[in-house]
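# Coordinates in review
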Amino acid sequence: MTTASPVASAPSGPVARPFRLDGRVALVTGAGRGLGFEMAKALAAAGARVVINGRHAGRLEAAAAALTGATGRPVAIAPFDVADHAAGRAAIAALVGEHGRLDILVNNVGARDRRPLKDFVPGEVEALFAADLVGPMLLAREAAEHMATHRHGRLITVTSIAAHIANRHDPVYTAAKAGLGGLMRALAVDYAKAGITSNAIAPGMFATETNAGLVADANFSAFVDIRVPLGRWGRPEEIGAAAVFLASDEASFVNGHVLVVDGGQSVRM
């Protein structure tokens, strides 16, 4: 009597076009600019049909046009607030109705308010958690239900090195990002048998539009030069390959992992 190999169901054989996402459908939240935009561009360039999310339709339309021009692939928009659970559910249902499937969710939205905890009132904390933690949690749930019907999916959560190393006067964002890390690991366990992997990308300090003021601050940039072993800010386009890898078939056995993209900042004493 023979027993089945424990790796019998794993992908085998040569990969003709590694790191391609042809035929996959991806939703990237918070993709009107910054790291979300760059991840959407990388996914589209790898062949995915990409839908970008944000709260402002006008900004999304401009971003979609820029992405289409850069990649030669049509990029659609889904304007909604991730903190609005009904809107998120409706948007994913509409996306699946139009494209027939959803394979990749990049939960990228993140709101930040750098203040000491004593300066927050409860409503402000709850609003930030709604955008940074609860919204992404429920969006992942909706996405996973559709992914499970095809026995394939990639849940990619954008956390932060702030989930692992804290800075002063940033308690709510730090707690939310740590919570996202825990969520990612829980989803990795819960959905694996449905063919869905769950992983995270933890960016460090990137020279995005949001950080433009800090990039222009000579003193802060000098701190970055010292604190980051590579001695510089991250370029926004350097985040895209991480998303493509975790979304690809080449990452089929990567599950519950945090891919840190920070130039070595989080490992420096």
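Here's a quick rundown of the structure.

Conventions we followed
- Residues numbered from 1 in each chain as written.
- Predicted model: local features only at pLDDT ≥ 70, side-chain atom pairs only at ≥ 80, totals over all residues.
- Heavy atoms only, no water.
- Salt bridge = Lys/Arg side-chain N within 4 Å of Asp/Glu carboxyl O.
- Buried < 20%, exposed > 50% of the residue type's maximum accessible area, 1.4 Å probe, protein only.
- Phe/Tyr/Trp six-rings, centres within 6.5 Å; stacked < 30°, edge-to-face > 60°.
- Helix = DSSP H or I, 4+ residues; strand = E, 2+ residues; numbered from the N terminus.
- Lys NZ or Arg CZ within 6 Å of the ring centre and 35° of its normal.
- Pairing = 2+ DSSP bridges.
- Axes fitted to C-alpha atoms, helices over the stretch in contact; angles between N-to-C directions.
- Parallel < 35°, antiparallel > 145°, perpendicular 65-115°, else oblique.
- Left-handed = near helix turned anticlockwise from the far one by under 90°.
- Contact = heavy atoms within 4.5 Å.
- Nonpolar A, V, L, I, M, F, W, Y, C, P; charged D, E, K, R; others polar.
- Expected span 1.5 Å × (residues − 1).

## Here we look at the pattern of salt bridges
Applying the stated criterion across every chain, the model contains 14 salt bridges. Across the pair Asp-22 and Arg-20 runs a salt bridge whose closest N-O atoms are separated by 3.0 Å. Asp-113 is the salt-bridge partner of Arg-115, the closest N and O atoms lying 2.8 Å from each other. Taking the relative accessible area as the measure of exposure, Asp-113 reaches 25% and is therefore partly exposed. Through salt bridges that share partners, Arg-24, Arg-101, Asp-103 and Asp-249 make up one connected network.

## Details of the packing of aromatic side chains
Summed over the entire model, instances satisfying the criterion amount to three aromatic pairs. Between Phe-19 and Phe-245, the ring centres sit 6.3 Å apart and the planes meet at 50°, which makes this aromatic pair tilted. With Phe-19 in the segment before β1 (25–28) and Phe-245 in helix α8 (residues 240–247), this pair connects stretches of sequence that are 226 residues apart. Both rings, one in Phe-220 and one in Trp-233, keep their centres 5.8 Å apart while their planes meet at 35°; by these two values the pair is tilted. Within this pair, whereas Phe-220 is found in helix α7 (residues 218–227), its partner Trp-233 is found in the loop between α7 and α8, the two being separated by 13 residues in sequence. On the accessibility criterion, Phe-220 (25% relative accessible area) is partly exposed. The exposure class of Trp-233 is buried, given its relative accessible area of 11%. Grouping aromatic residues by their ring pairs yields a cluster made of Phe-220, Phe-223 and Trp-233. Between Arg-115 and the ring centre of Phe-120, over which it is positioned, the NZ or CZ distance is 4.3 Å.

## Structural notes on the sheet that holds strand β5 (residues 153–158)
What the seven strands build is an open sheet, ordered β3-β2-β1-β4-β5-β6-β7; its pairing is parallel. Each edge of the open sheet is held by one strand with a lone partner, namely β3 (75–79) and β7 (258–261). Averaged over all pairs of adjacent strands, the angle between strand axes in this sheet comes to 20°, irrespective of strand direction. Across six bridges, β5 lies against strand β6 (residues 196–203) in parallel orientation.

## Regarding the packing of helix α3 (residues 85–99) against helix α4 (residues 122–150)
Two quantities define a packed helix pair, namely the angle between the helix axes and the distance between the axes. Packing of α3 against α4 brings their axes to within 10 Å, and their N-to-C directions diverge by 30°. With respect to each other, α3 and α4 are oriented roughly parallel. In this structure, the crossing between α3 and α4 has a hand that is right-handed. Between α3, through His-85, Gly-88, Arg-89, Ile-92, Ala-93 and Val-96, and α4, the contact on the second element is made entirely by Val-134, Leu-138, Leu-139, Arg-141, Glu-142, Ala-143 and His-146. Taken together, the residues of the contact of α3 with α4 break down into seven nonpolar, three polar and three charged.

## Details of unusual backbone geometry
Backbone geometry places Phe-19, a non-glycine residue, at a positive phi of 60°. One non-glycine residue, Arg-151, adopts positive backbone phi at about 55°. Mapped onto the fold, Arg-151 is located in the loop between α4 and β5.

## Concerning helix α1 (residues 34–45)
Compared with the 16 Å implied by 1.5 Å per residue over twelve residues, the 17 Å span of α1 between its first and last C-alpha is a close match. Burial analysis of α1 places ten of its twelve residues in the buried class, the great majority of the element. Listed in full, the buried residues belonging to α1 are Gly-34, Leu-35, Gly-36, Phe-37, Glu-38, Met-39, Ala-40, Ala-42, Leu-43 and Ala-44. Just downstream of α1, Gly-47 is the residue with a positive phi angle, here 110°.

## Looking at α8
Among the eight residues in α8, six count as buried, and that is most of the element. Residues Gly-240, Ala-242, Ala-243, Val-244, Leu-246 and Ala-247 constitute the buried set of α8. Those residues of α8 that are buried are in contact with α1, β4 (104–107), β5, β6 and β7.

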